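Chain by chain, the residues:
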4 protein chains.
Amino acid sequence: MKRIEDFKSIIDRYEVVFFDAFGVLKNHSGLLSGIGRTFDYLAQQKKEYYIVTNDASRSPSELAESYHKKGLHLITADRIISSGQLTKEYLDLKVDGGIVAYLGTDESAHYIESAGLKTLPVRDVNNSNIDKVNALVFLDDEGFDWFSDLNKAVNILRRRTIPAIVANTDHAYPVSLTDVAIAIGGLSKMVETIVGKKFIRFGKPDSQMFMFVYDLIRSYREINKKQIVMVGDTLQTDIIGGNKFGLDTVLVLSGNTRPDDAESWISASGIVPTYVCNSAVLGPEALNL
Amino acid sequence: MKRIEDFKSIIDRYEVVFFDAFGVLKNHSGLLSGIGRTFDYLAQQKKEYYIVTNDASRSPSELAESYHKKGLHLITADRIISSGQLTKEYLDLKVDGGIVAYLGTDESAHYIESAGLKTLPVRDVNNSNIDKVNALVFLDDEGFDWFSDLNKAVNILRRRTIPAIVANTDHAYPVSLTDVAIAIGGLSKMVETIVGKKFIRFGKPDSQMFMFVYDLIRSYREINKKQIVMVGDTLQTDIIGGNKFGLDTVLVLSGNTRPDDAESWISASGIVPTYVCNSAVLGPEALNL
Amino acid sequence: MKRIEDFKSIIDRYEVVFFDAFGVLKNHSGLLSGIGRTFDYLAQQKKEYYIVTNDASRSPSELAESYHKKGLHLITADRIISSGQLTKEYLDLKVDGGIVAYLGTDESAHYIESAGLKTLPVRDVNNSNIDKVNALVFLDDEGFDWFSDLNKAVNILRRRTIPAIVANTDHAYPVSLTDVAIAIGGLSKMVETIVGKKFIRFGKPDSQMFMFVYDLIRSYREINKKQIVMVGDTLQTDIIGGNKFGLDTVLVLSGNTRPDDAESWISASGIVPTYVCNSAVLGPEALNL
Amino acid sequence: MKRIEDFKSIIDRYEVVFFDAFGVLKNHSGLLSGIGRTFDYLAQQKKEYYIVTNDASRSPSELAESYHKKGLHLITADRIISSGQLTKEYLDLKVDGGIVAYLGTDESAHYIESAGLKTLPVRDVNNSNIDKVNALVFLDDEGFDWFSDLNKAVNILRRRTIPAIVANTDHAYPVSLTDVAIAIGGLSKMVETIVGKKFIRFGKPDSQMFMFVYDLIRSYREINKKQIVMVGDTLQTDIIGGNKFGLDTVLVLSGNTRPDDAESWISASGIVPTYVCNSAVLGPEALNL
């Protein structure tokens with residue numbers, strides 16, 4: 001591990017940069033101040049980027065739009081890869097028809113729909129349609145009644161031998177400087193323990209997430225893993241996931257990992273980033289050629 | 001393991017019988033038909049019994065009353081030992097004052113109250129009183145809003161370094177022949193994982209539950225562990241807990257463990273009851289002296 | 001799940017077949033009788049196959065040779081993909097020099113060696129070279145003294161903040177009809193718990209294993225996931241791993257999953273293969289065109 | 001949590017003091033310098049003490065003798081309570097005859113022997129006697145060949161439906177200032193995972209350990225939990241175990257928990273001792289009346 005203060009000198013060495021979203025580009029108050037310069041610099045240098053996020057609550061287009069509203073116009077939907085897309089690919093490949101029951105908002109469900117598969121909120125599953133339910137998907141912690149619908153999800157999975165797919169591995173997410181909220185990954189883990197079945201989970205640190213982006217890049221250009229760097233704020237997802245996939249990694253200290261904790265957390269976990277930086281924000285001087 | 005069909009011949013060998021409640025004395029439809037005869041026989045034979053239950057949703061008096069309403073009048077409050085009583089003992093011994101925040105019904109909270117400790121539902125914790133919260137107790141899956149109050153419990157435990165006590169270790173409980181409901185033990189496990197702290201759990205299979213009853217008996221008579229038998233329907237709580245505490249154990253097949261599964265579950269888990277019986281119900285002939 | 005007795009009719013629908021090795025092609029007594037016909041048929045039909053195995057104890061060449069010795073000459077080293085190869089790729093990409101300490105046989109270590117990386121058995125790590133140890137790899141359960149070298153591995157990982165890589169996720173493997181042996185995956189899990197660090201594990205059910213083969217195929221031909229079927233005997237590795245990667249899957253009943261258990265294990269685990277077959281062995285009639 | 005530097009003022013408030021052994025009375029170099037004064041003071045003040053230890057490798061007499069050899073003569077065998085004694089009580093109550101197979105030294109096994117039970121090292125179990133094996137006990141990490149005997153223990157437990165008892169819950173123990181050794185608790189956990197059965201574990205933090213001592217005291221005098229304090233160096237065993245049993249607790253900083261880590265570990269774990277002290281060693285002035 002080398003402490004390198006200068007994020008610019010790191011990205012200069014790579015052709016493609018993967019960014020985690022929360023804690024790297026934005027936090028509970030909005031975009032990180034100055035993060036727009038980082039994307040200006042990437043454009044100027046003709047370097048590619050991807051945003052690799054466990055957020056399956058919205059489609060890439062909706063996620064891109066949320067950046068535009070905050071003033072970051074360079075981020076386009078085709079550069080946002082979410083665990084929701086892996087869920088969608090799974091359903092397309094593996095579920096042959098019938099109903100996909102879901103826990104989450106209607107928006108999160110629209111996104112995973114495709115020809116031949118009907119999505120239905122768990123609250124609308126009943127004795128007349130339960131036999132057509134061929135998968136149950138955990139998409140978001142909002143959009144349903146926790147008490148009635150979590151209990152109902154448990155009993156659907158006890159009655160039907162079908163795959164349960166979790167579109168977000170995170171157990172919690174920050175909502176303010178001090179507080180967090182329980183994420184669908186945490187809720188689904190409770191249901192999994194009670195039901196005693198094995199769920200399929202998509203999202204970092206799982207390699208399949210990185211493979212999805214890597215494959216996407218190779219569909220239009222040549223690349224190898226040495227040319228990509230993963231930037232994240234969380235050792236347990238971004239950094240170990242990037243490392244395992246064979247990428248170099250940058251731990252930034254603008255999110256989950258605070259400057260005072262970085263060294264002891266790295267040493268305690270054995271998860272070693274290639275670099276540590278204060279943040280992914282570039283100074284104004286970076287743009288002067 | 002010996003298969004003994006005759007429950008009467010088993011209890012004849014012991015002086016005290018511990019019963020689990022759900023799956024042994026009652027099920028989702030009410031009392032097991034004929035279970036009254038078992039208590040008539042115990043009274044006739046002057047054998048003592050205790051009901052040892054992980055149900056912390058009500059006080060022993062309220063639990064006793066629920067048996068009376070169903071027609072089983074021999075069961076008295078002093079013979080019902082619940083994990084709620086261990087929680088109460090813990091709070092009395094270890095929490096010196098201030099507020100005990102709780103998740104559960106008001107009835108479950110009234111029971112654990114005592115001089116010097118004020119209970120407060122998690123929904124009523126706010127910035128003006130959070131510093132006085134000295135413990136958080138998980139009592140019941142009802143009586144609160146899962147979405148807002150589970151998230152709030154997470155953040156109380158992130159802000160305050162206080163013990164979190166779980167008054168029921170069960171992750172789920174049956175509500176009909178086919179369906180279960182998520183219990184407070186399951187909800188608390190999710191919160192524990194997210195918060196990353198170590199919770200204190202009371203209830204079978206933990207030895208402290210058995211010790212509590214054993215101590216109670218010794219307060220008025222002499223007894224040793226060889227004179228007690230534990231009757232339960234669940235290998236993972238009643239039987240392993242009883243075994244570990246040094247008691248002989250009877251697995252009854254009227255609840256969680258169905259006759260077809262008993263042998264393979266015992267062999268797979270390595271949890272071996274001293275006896276296996278169809279149920280704790282005695283035939284009418286048992287009462288003829 | 002459809003019960004299809006006829007393995008031939010399944011592979012007729014796919015262009016590439018992935019086989020697990022143990023329990024599918026061979027067992028503790030040697031090759032499955034008649035399995036050679038399956039490979040004759042694949043050759044005749046010009047279908048491709050890969051053997052996807054968690055066995056990192058030997059190189060693909062050595063593994064191929066072991067099939068040849070048993071009379072199965074059609075299996076070539078380039079068609080055997082082991083978790084050892086992912087370990088090797090990881091070391092090549094992520095460890096920049098110095099020493100890779102290992103637990104395993106010398107043969108297992110030779111295989112992962114490459115220019116610039118020196119392998120050293122854990123027993124030879126000492127105060128003069130420990131500072132050069134940049135990774136510790138768990139390769140095989142043989143080739144070292146469990147007492148002294150497992151304890152030494154624990155202390156190397158306590159002193160050095162380096163990645164620990166496990167080349168085989170299995171906790172145990174069968175050695176006779178009734179007995180199993182503890183595998184390096186089981187030993188490494190114990191070390192991981194004691195050290196409290198996060199290890200990197202390669203092998204089924206992890207998607208990276210399936211990606212590795214998928215990528216290899218795409219390096220010389222076009223393929224999509226719908227054209228591949230994974231054949232395995234274990235729900236928890238072969239089947240859930242194949243399913244999650246988006247492949248169709250065949251559970252064969254010639255290994256870990258016995259015919260009497262298949263239905264209840266599928267229902268209990270929620271891991272549903274696309275097909276269930278008695279075995280991957282084809283009858284003699286399959287070869288008559 | 002109150003930081004109280006003065007251990008004497010704490011023990012003055014209680015009638016009985018429970019001590020953990022390792023990290024409190026002794027460390028890898030021997031007895032803590034000055035710890036003798038603490039026992040002189042306890043004798044002078046007529047306060048009772050017990051040493052409550054997860055060390056099942058030797059009998060209380062042998063453990064007492066080891067203190068005498070180091071010059072601490074006030075410690076007598078009747079005041080040392082080890083998890084080995086709970087194991088012995090379990091075997092006496094629950095195993096009716098036949099063979100108890102064990103992993104550990106011969107000394108550790110002699111101790112658990114009693115009339116009617118024959119102990120046999122796992123290495124001597126064979127086809128002629130395996131049917132008489134009625135329990136398997138994990139006693140110590142020494143005294144057997146890890147490779148052959150751990151594998152053999154796995155297969156005994158696969159063949160026989162018998163209880164497996166672990167006489168020490170610790171996963172590792174310190175052997176020098178920097179190094180640890182894998183304990184029988186860690187080895188048994190690996191075997192438990194592989195075998196898939198549920199083992200019975202004795203030792204702190206389990207309440208049964210504290211009950212055993214509490215019961216012992218009540219056999220000769222009256223006592224209540226408010227009159228006892230537990231002194232330990234480990235939050236996860238001594239402190240949470242003592243707290244849950246209802247005792248006041250003292251965390252000493254002479255062992256596993258270092259002064260710099262105490263506050264953050266307490267806050268991260270939510271395990272709160274009643275007091276924190278530098279060590280259990282009293283200054284020379286304590287003995288001047």
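Just above sits the structure.
Residues numbered from 1 in each chain as written. Chains lettered and ligands numbered in written order. Predicted model: local features only at pLDDT ≥ 70, side-chain atom pairs only at ≥ 80, totals over all residues. Heavy atoms only, no water.

### What to know about the packing of aromatic side chains
All names here are of chain C. Using the criterion set out here, one finds 40 aromatic pairs over all chains in the structure. Centroid distance phenylalanine 39 to tyrosine 49: 5.0 Å. Interplanar angle 90°. Geometry classified as edge-to-face. Placement of the pair is phenylalanine 39 in helix H2 (residues 35-44) and tyrosine 49 in strand E5 (residues 48-53), with a sequence separation of 10 residues. Per residue, the accessibility class of phenylalanine 39 equals that of tyrosine 49, and both read buried. Their ring planes at 85° and their centres at 5.5 Å tell us that tyrosine 214 and phenylalanine 245 sit as a pair that is edge-to-face. Here tyrosine 214 is found in helix H8 (residues 207-218), whereas its partner phenylalanine 245 is found in helix H9 (residues 235-245), with 31 residues between them in sequence. (Phe/Tyr/Trp six-rings, centres within 6.5 Å; stacked < 30°, edge-to-face > 60°. Helix = DSSP H or I, 4+ residues; strand = E, 2+ residues; numbered from the N terminus. Buried < 20%, exposed > 50% of the residue type's maximum accessible area, 1.4 Å probe, protein only.)

### What to know about the relation of the copies chain D and chain B
Overlay of chain D on chain B (RMSD 0.0 Å): rotation 180°, translation along the axis 0.0 Å. Such a turn and shift between the copies fits a two-fold axis. The share of interface residues of chain D whose copies in chain B are also at the interface is 100%, consistent with both copies meeting through the same surface. (Least-squares fit on C-alpha atoms with pLDDT ≥ 70 in both. Contact = heavy atoms within 4.5 Å.)

### Regarding the interface of chain D and chain B
Contact residues are listed per partner, giving 40 residues for chain D and 40 residues for chain B. Joining chain D to chain B, the criterion identifies six salt bridges. For the salt bridge of Asp206(B) with Lys244(D), the shortest nitrogen-to-oxygen distance reads 2.9 Å. Taken together, the links from chain D to chain B amount to 20 residue pairs in polar contact (both at pLDDT 80 or more). Within the residue set of the side of chain D that touches chain B, elements represented by two or more residues are helix H4 (83-94), strand E13 (200-201), helix H8 (207-218), helix H9 (235-245), strand E15 (248-252) and helix H10 (259-269) of chain D. If you tally residues by element for the side of chain D that touches chain B, the top one is H8(D), at six residues. Of the residues in the side of chain D that touches chain B, the class split is 16 nonpolar, 12 polar and 12 charged. (Salt bridge = Lys/Arg side-chain N within 4 Å of Asp/Glu carboxyl O. Polar contact = N/O pair within 3.5 Å; in protein donor to acceptor, adjacent residues only side chain to side chain. Nonpolar A, V, L, I, M, F, W, Y, C, P; charged D, E, K, R; others polar.)

### Focus on the interface of chain C and chain D
At the junction of the two partners, chain C supplies 21 residues and chain D supplies 21 residues. Buried area between chain C and chain D, both sides added, is near 2,000 Å², and the carbon and sulfur share of it is 64%. Contact with chain D buries surface across chain C, with Trp146(C), Ile182(C) and Met190(C) losing the most and accounting together for 26% of the total. Our count for the contact surface shared by chain C and chain D stands at two salt bridges. Secondary-structure elements contributing two or more residues to the side of chain C that touches chain D are helix H6 (146-159), strand E12 (180-182) and helix H7 (184-195) of chain C. Broken down by element, the residue count for the side of chain C that touches chain D peaks at eight residues, all from H6(C). A per-class count over the side of chain C that touches chain D returns 11 nonpolar, six polar and four charged. (Buried area = accessible area lost by both parts, 1.4 Å probe.)

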